[in-house]
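# Structural overview
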Amino acid sequence: MDLTMEKLLIELRQPLLRWYRQNARDLPWRHTQDPYPIWVSEIMLQQTRVAAVVGYYTRFLEAFPTVEALAAAPEEQLMKLWEGLGYYSRARNLQKAARRIAELGAFPCTPEGLRALPGIGDYTAGAVASAAFGLPEPAVDGNVLRVTARLADDHGDIASPAVKRAAAEAVRAAMPQAREDIRIFNQALMELGATVCAPAGEPACMLCPAAELCLGRKRGTAAQLPVKAAKKPRRVEDKTVFLLLRQGRVALRKRPAEGLLAGLWEFPNVEGTLDEAAAGTAVESWGLTARDWRSRLNAKHIFTHVEWHMTGYVLEVTGEGPAEWTWADAAALGERAVPSAFERYYARARQETKEESQWDG
């Protein structure tokens, strides 16, 4: 354990708790000790900004107010409510875990029991155990790693498991004694990292309860911390996407059950960047005939490890297409979970099918 970091966190403990109680953002999951909504919020917040989560969180709990409701939810409804949050495996693991909890008859109240659930690792187990049950478990995310690195002037690579482990041990050792303080200690460290000791630009040291303790501030290194090894360049994949329109409906197909965006709806697409002639051949291979090529629509989407560069064609067709496809009108399209990777095509498809249905009416 980093004894310097532990000592500094212990000294910071009371000033941090006072600061948090006076300055914390008013977020809905901070008004409950019920493990279910706390857990939902933590899963949603993984790799997603707080501002983007609040609306999703409210709608999700309105649809699934209990863990049993989530366990019994149709997958299509779950995916539609998650649409736009990305990392859809989180939603599937959430439901798998809900079914396990429903079978158990109660929410696990120990870190070990929480970690045994699908999709829950050390961070989420610590966050739920502390906020819901008042257990002195650390929850170390990127915000906490940034705070601890600057506080202790630690130049270790925060992507390193050893550095993460040392930070978690230091946070555990600094946990307060009172249960009401334990419930907010992890949140206070995360809040400090999100709002004051922030990642972009200079940290707002004059607003920070750690200002008089922080070695990074005293030594002038805070803005250069934390240290994190450069990521490998993302792989680029070229795709050609087809908005195939037929009598006011657009073609959709489901992605494979495993892998990226598993089980979600997408517009038919093929690998590579096709010119119009090659795109026409692809359309014919699906048993369709192109009647009217309306427009070309390019887009790009960035995932964690891959970029999609997409060339899209909007065209009117005749024919049935493959048996596994569905042809969705505006209403049916609105009910399908189409990932945000296809956002530009989805918006155009909604426009095309809505206009066609109005014309037919």
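None of the values given here were measured: they were computed from a predicted structure. (Residues numbered from 1 in each chain as written. Predicted model: local features only at pLDDT ≥ 70, side-chain atom pairs only at ≥ 80, totals over all residues. Heavy atoms only, no water.)

What follows deals with the overall build of the protein. Within the protein, the regular secondary structure consists of 15 helices and 7 strands. Here the C-alpha coordinates of the protein stretch approximately 75 × 50 × 35 Å along the principal axes. Measuring between centres, the 45 positive side-chain charges of the protein sit 4 Å from its 45 negative side-chain charges. (Helix = DSSP H or I, 4+ residues; strand = E, 2+ residues; numbered from the N terminus. Lys, Arg positive; Asp, Glu negative; His and termini not counted. Charge placed at Lys NZ, Arg CZ, Asp CG, Glu CD.)

Our next topic: the pattern of salt bridges. In total, this model carries 21 salt bridges according to the counting rule given. Note that Arg21 is salt-bridged to Asp181, the shortest N-O span being 2.7 Å. Here the residue Arg21 occupies a position in helix α1 (residues 3-23), and Asp181 occupies one in helix α11 (residues 179-195), the gap between them amounting to 160 residues. Across the salt bridge formed by Glu266 and Arg255, the nearest N and O atoms sit 2.7 Å from each other. Of this pair, Glu266 sits in strand β3 (residues 265-266) while Arg255 sits in the loop between β2 (249-254) and β3, and the two are 11 residues apart along the sequence. Considered together, Glu266 and Arg255 belong to a single accessibility category, that of buried residues. One salt-bridge network, in which partners are shared between bridges, spans Asp292, Arg294, Glu316, Arg348 and Glu352. (Salt bridge = Lys/Arg side-chain N within 4 Å of Asp/Glu carboxyl O. Buried < 20%, exposed > 50% of the residue type's maximum accessible area, 1.4 Å probe, protein only.)

Considering the arrangement of structural elements, one finds Glu137 in the loop between α8 (122-133) and α9 (142-151). Classification of Glu137 by relative accessible area gives buried; the value is 15%. Only 3.0 Å separates the side chain of Glu137 from the side chain of Arg172, close enough to count as a polar contact. (Polar contact = N/O pair within 3.5 Å; in protein donor to acceptor, adjacent residues only side chain to side chain.)

Take unusual backbone geometry next. Residue Pro226 follows Leu225 across a cis peptide bond; omega there is 5 degrees. With respect to the element layout, Pro226 can be found in the loop between α12 (215-219) and β1 (235-246). For Gln47, which is not a glycine, the phi torsion comes out positive at approximately 60 degrees. A positive phi is found at Asp153, a non-glycine position, where the angle reads about 50 degrees. Position of Asp153 among the secondary structure elements: in the loop between α9 and α10 (161-174).

Among the nonpolar cores identified, the biggest contains 65 residues, and Tyr36, Trp39, Phe60 and Phe267 are the most heavily contacted of them. Counting residues per element, this core draws most heavily on helix α2 (residues 35-45), which supplies 7 residues. Contact partners of Phe60, with chain neighbours within four places excluded, come to Tyr36, Val40, Met44, Leu70, Leu78, Trp82 and Leu94. Listed in part, the 37 residues of the second largest apolar core include Leu9, Tyr20, Val140 and Cys197. (Core = buried A, V, L, I, M, F, W, Y, C linked by side-chain atoms within 4.5 Å. Contact = heavy atoms within 4.5 Å.)

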